[in-house]
Amino acid sequence: MTAIIICTAIASWFFFASNDEQTNKNKKYRNVTYTEALLTCQKYSYERYGSTLKHLTLDNHSSRWEQKVEQYKLFFNAEIAGKTITAPTMKISIACDVSGRSGKVRDYDAQEDKS
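Summarised in this report is the structure supplied together with it. (Residues numbered from 1 in each chain as written. Predicted model: local features only at pLDDT ≥ 70, side-chain atom pairs only at ≥ 80, totals over all residues. Heavy atoms only, no water.)

A word on the overall build of the protein. Along the protein, the regular secondary structure elements total two helices and five strands. In sequence order, the protein lays out its α and β elements as α-α-β-β-β-β-β. Taking all 115 residues of the protein together, 22% fall into the buried category. A separation threshold of at least 6 residues defines the contact pool for the protein, and within that pool the share at least 24 residues apart is 44%. Summed over all atoms, the accessible surface of the protein reaches about 8,700 Å², with 55% contributed by carbon and sulfur. (Helix = DSSP H or I, 4+ residues; strand = E, 2+ residues; numbered from the N terminus. Buried < 20%, exposed > 50% of the residue type's maximum accessible area, 1.4 Å probe, protein only. Contact = heavy atoms within 4.5 Å. Areas by Shrake-Rupley, 256 points an atom, 1.4 Å probe, with all protein chains shown as cover.)

Dropping the structure here:
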């Protein structure tokens, strides 16, 4: 009788342990750091603007982690080169939201800085 209980306990443990591993694999959960979010936004910006992006500076004062929605909100100031050599550069403000779970850009907004 004791052998049956021990065998059942061991079999149950293996069954539930394998189910937990499958569940964790399906979640695709990642713990994304602030630095990873920053690099993701920088890469996204350079892919979007290419060689016209002259400067990209993080606004440390406004950038933050939003616990309620589990995302990083990063803000940048950037300079985009004009279409010709003599054209002035355009200053823009960028807001980039990165998921804290997947590490992907959720929202990306760029507005010309008129000041």
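Such a bond, covalent and formed between the sulfur atoms of two cysteines, is termed a disulfide. For the structure on display, the rule yields one disulfide. The disulfide partner of Cys41 is Cys96, and the gap between their sulfur atoms is 2.0 Å. On the sign convention where negative is left-handed, the bridge of Cys41 and Cys96, at about -85 degrees about the S-S bond, is left-handed. One end of the pair, Cys41, is in helix α2 (residues 34–49); the other, Cys96, is in strand β4 (residues 90–99), and 55 residues separate them in sequence. By relative accessible area, Cys41 is classed as buried at 0%. When its relative accessible area of 0% is taken as the criterion, Cys96 is described as buried. (Disulfide = S-S within 2.5 Å.)

We now examine α2. With 16 residues, α2 should reach 22 Å at 1.5 Å per residue; the first-to-last C-alpha distance of 23 Å fits that figure. Taken as a whole, α2 has its buried residues at Ala37, Leu38, Cys41, Ser45 and Tyr49. On an axial view of α2, the arc spanned by its buried residues comes to 100 degrees, and they lie on one face. Turned more than 90 degrees away from the buried face of α2, the exposed residues are Lys43 and Glu47. Tucked inside the fold, the buried residues of α2 contact β1 (53–58), β3 (71–80), β4 and β5 (105–112). (Expected span 1.5 Å × (residues − 1). Arc of directions from axis to C-beta.)

Keep in mind these numbers describe shape, not what the thing actually does.
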